[in-house]
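Examination of the molecular architecture
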Amino acid sequence: TIPQEVIIKEVGPRDGLQNESVIISTEKKIAWIEKLTNAGVKYVEVSSFVSPKWIPALADADDVFRYLKRKEGVTYAGLVPNEKGLDRALRANVDEIGIFVSASDTHNRKNVNKSIDETLSILKDVVKTAKREGKSVRGYLSTVFGCPYEGHISIGQVERISNILLEMGVDELSLGDTIGVANPVQVKQVIRQLKTTIPTGKLALHFHNTRGLAAANIVAGLEQNIQVFDGANGGLGGCPYAQGATGNVATEDVQYLMESLGVNTGLSLKGLVQAAKYIAPHVGLELPSYQHRLAQKE
Ligand code: HMG
Ligand code: MG
């Protein structure tokens, strides 16, 4: 059996744009986010409060939050790497803080210029402050299923860092297949191991679709009773500090999958496709989303 209902969390405005060389205007980002929430999206990762030198495409995170008209019942989240990012996020009054660390030390160093242990010690304070300020915190663990630099990542390492993040007070942990190398059997193995110490209700899955296996991996997650999946509208996305990392699985493709399985998400496929159609010309790419491509032919 699989869950009857899942939540799809939209990371397009953050993960989707961070890897793009084009700079989308603040107004267009906001218009895109509105189209997403009009399609029923209840959770959107709006931007990230990282160094603008590292991720120029999201340098306007503060302004996106400032000018965004928030809808009741929608969680508007922001990613932060350190205390400075948290200060900015708190001033922007984000609803939820996202933090991130990698399961591979090499990827972590490329991504945030620090070892895993140094990062965990920074994040411990970030989570403490965020909690004191009444914010919920989502933790991302990257390269869970493989690293572009180190290759195989042991389940033991994933379990160790996952537990450290949860002990810090992270409310939900999103397991990232940063470079899209996971397969369904591996997903099953990793989740079955984590389930021995972590309730499934605390876990989410974040798949990049680099090799076309995201949908199969999501089904493997569903079969393990995971109920939260990340997607990026249009299939945009990637990590600029992970060689070969490409798009997240498209939210509308996850939606199609859930509809075909009879799993409720509260999202409108049509609305998601319209949102993808809106952002496509601005990023100037042919979007990897299957549903967007099908709609182009109609
Ligand atoms: P650093 O250069 O080692 O940091 O970067 P630093 O502390 O020495 O600071 C350097 C400069 O940045 C200073 O400014 C700081 O003030 C400034 P300067 O004195 O040179 O003018 N700075 C900041 N400015 C604004 N906001 C901040 C901030 N922090 C420092 N928060 C740092 C370290 C962590 C800042 C940098 O490496 C960084 O920003 N990295 C972000 C990388 C990133 O965003 N990667 C993608 C997100 S993770 C991901 O995509 C994976 C995920 O999707 C899951 C998955 O797919 O697996 C989540
Ligand atoms: Mg990602």
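Nothing here was measured: the structure is a model prediction, and the numbers come from that model.

Parameters and conventions
- Residues numbered from 1 in each chain as written.
- Chains lettered and ligands numbered in written order.
- Predicted model: local features only at pLDDT ≥ 70, side-chain atom pairs only at ≥ 80, totals over all residues.
- UniProt positions renumbered as here; feature names shortened; annotations may be inferred.
- Helix = DSSP H or I, 4+ residues; strand = E, 2+ residues; numbered from the N terminus.
- Buried ≥ 20, exposed ≤ 12 C-beta atoms within 10 Å, placed from the backbone.
- Pairing = 2+ DSSP bridges.
- Right-handed = clockwise from strand over helix to strand, strands pointing away.
- Near = placed C-beta within 6 Å.

**Observations concerning the UniProt feature "domain: Pyruvate carboxyltransferase" (unreviewed entry) in the protein**
Mapped onto the present numbering, the UniProt feature "domain: Pyruvate carboxyltransferase" (unreviewed entry) falls on residues 6-273. Split by type, residues 6-273 is 42% helix and 16% strand. Its first and last C-alpha atoms lie 19 Å apart.

**Concerning the pairing of strand β4 (residues 96-102)**
Most of β4 is tucked away: 7 of the 7 residues are buried. The alternating pattern of β4 places Glu 96, Gly 98, Phe 100 and Ser 102 and Ile 97, Ile 99 and Val 101 on opposite faces, both of which are buried. Two strands pair when backbone bridges link them, and strand β3 (residues 75-79) and β4 are joined in this way by 3 bridges, in the parallel orientation. Within the sheet, the bridge partner assigned to Ala 77 lies in β4 and is Glu 96. Where the polypeptide runs from β3 across helix α4 (residues 83-91) and back to β4, its parallel neighbour, the crossover connection is right-handed. Two strands pair when backbone bridges link them, and β4 and strand β5 (residues 136-142) are joined in this way by 7 bridges, in the parallel orientation. Bridge assignment links Val 101 to a residue of β5, and that residue is Leu 141.

**Structural notes on the site of ligand 1**
Near ligand 1 there are 26 residues, and of these Val 50, Gly 85, Asn 113, Ser 142 and Gly 176 occur at the shortest range. Elements that contribute at least two residues to the shell around ligand 1 include exactly α1 (12-18), α4, α5 (105-112) and β5. Top element by residues in the shell around ligand 1 is α4. It accounts for 3 residues.

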